[in-house]
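Fold and contact review
For reference, the chains in residue letters:
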Amino acid sequence: MYKYAKDGVTVSSVLDTRRAKKSGLYPVKIQVAYKRIQKYYATGKELMPADWTKLPKAKSKKLLEIRQDISSSFDLIKKQVQEMTEKGLFSFESLNLRLGRGCGETLNTVFQHRIDSLKAEQRIGNMLWYSNVIKSVERFSPGPVPLEHVTVHWLQRYEKFLRAESKSPVTISMHLRAIRAILNEARKNGNLRDAQYPFGKGKFEIQEGEGRKIALNIKQIEQIVRYSDGNQLTSYYRDLWFFIYLCNGINVADLVKLKYSNIIDGEICFVRQKTERTTKKRKEIRAVITEEMYTILNRWGNPPLENNYLFPFLNGTETAMELKIKTQNLTRRINWHMNIIGKALGIGSISTYTARHSFATILKRRGANIIFISESLGHNDLKTTACYLAGFEKEEREKNAYLLTDFGK
């Protein structure tokens, strides 16, 4: 009966005939559709299909009142959608917060709705991360946590709780940033007053966790590549790790999805899954296929057919959750075998993340431009790349400091 569409978002009034109420009537709802996802919002009105059909031209007092109430519900949602689409900021999460659809009252319900939205959008990695954070919050503070109760003191106690759980500084920082993102949205949509917002200068400031300096040097990379214990599985996972290192430190989530069609003019071309949804401009990464990479593909890869995946990890029928699970399991297996190698060589812990950091740091040590390194990693700004290179930069500063008193003794 009522319909509005803008920038891919459609708002419609519909009679939900999927299931009748106990009264035998069907609920009238406002349907919002965006990117093939549909959400329904109750109007509190119920009708028979026959009455719904004649509602647009009805003249009876009862139906006129129902039509007016439906129109009011429709206009309310339409107004919120208009405001968000005009700014290019539409999301179901924001809409629900604006409507106060049971999501703006507690930290728990807001988190749960974001988790539901991420699941609907098949953003499984982010969904699992937000699920992890809210579970942590619920361990710290059982029961619902009203948004206004998330004060500076609450955050300080929560940070102390995470340290007591032996969480790393990076993990603590990420937990707190997740809570800040939730409160930012609530604040923007009027569900949290500015005076209640606990983050910022003079309030609670998140200490950015400094990542561990885990980059290897070129000699250690050589030791790993040449390592063998006679076990074929060890060689397999060692080669996969080496391929990750050579392929610009590619994330496992991107590695498993590579196909031979990604190879263009001797380069592997791909877009990082991590940033594909969060950047306006599609940023393609290119990694030159070296002789060593071809050797690994010939040894462990699929036959070189255009539609084949490079490696036999996927069959192409996986759901988003299945893809996430396969990625996580492969990452764990690589890390487990690489830790065995690291222990045998006296290097220590080695992971897929080590490969990524080593790719960046070794290039820097060999004189590569930081802009080139940043582009190769798929970073959106140089600050992120600088974090990867922080350990190397400190090494350089210490070496240069000793030069100041090198009197040729």
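The coordinates are above.
The rules behind these values
- Residues numbered from 1 in each chain as written.
- Predicted model: local features only at pLDDT ≥ 70, side-chain atom pairs only at ≥ 80, totals over all residues.
- Heavy atoms only, no water.
- Pairing = 2+ DSSP bridges.
- Helix = DSSP H or I, 4+ residues; strand = E, 2+ residues; numbered from the N terminus.
- Salt bridge = Lys/Arg side-chain N within 4 Å of Asp/Glu carboxyl O.
- Buried < 20%, exposed > 50% of the residue type's maximum accessible area, 1.4 Å probe, protein only.
- Axes fitted to C-alpha atoms, helices over the stretch in contact; angles between N-to-C directions.

It is worth spelling out the pairing of strand β1 (residues 3-6) at this point. Here four bridges tie β1 to strand β2 (residues 9-15), and the two strands are oriented antiparallel to one another. Bridging from a neighbouring strand, Ala-5 pairs with Thr-10 of β2. Between β1 and β2, which follow one another and run antiparallel, lie two residues, and Asp-7 among them has a positive phi close to 50°.

Quick look at the pattern of salt bridges now. Evaluation of the coordinates by the stated rule reveals 14 salt bridges. The shortest N-O distance in the salt bridge between Asp-16 and Arg-18 comes to 2.7 Å. The class for Arg-18 is exposed, based on a relative accessible area of 60%. Between Glu-165 and Arg-139 there is a salt bridge, with the nearest N and O atoms lying 2.9 Å from each other. Taken together, the positions of Glu-165 in the loop between α6 (152-164) and α7 (169-188) and Arg-139 in helix α5 (residues 124-140) put the pair 26 residues apart, joining distant regions of the chain. By relative accessible area, which is 27% here, Glu-165 ends up partly exposed. Residue class for Arg-139 comes out partly exposed when judged on its relative accessible area of 43%. One network of salt bridges, with partners in common, ties together Asp-16, Arg-18 and Lys-29.

Okay, the sheet that holds strand β4 (residues 37-47) next. Here four strands make up an open sheet; going across it, the order is β1-β2-β3-β4 and the pairing antiparallel. Two strands close off the open sheet at either side, each with one partner strand: β1 and β4. If you compare each strand with its neighbour and ignore which way they point, the axes differ by 15° on average. One ladder, built from seven bridges, connects β2 with strand β3 (residues 26-34); its direction is antiparallel. The partner of Thr-10 across the bridge, within β3, is Ala-33.

These figures capture arrangement, not role.
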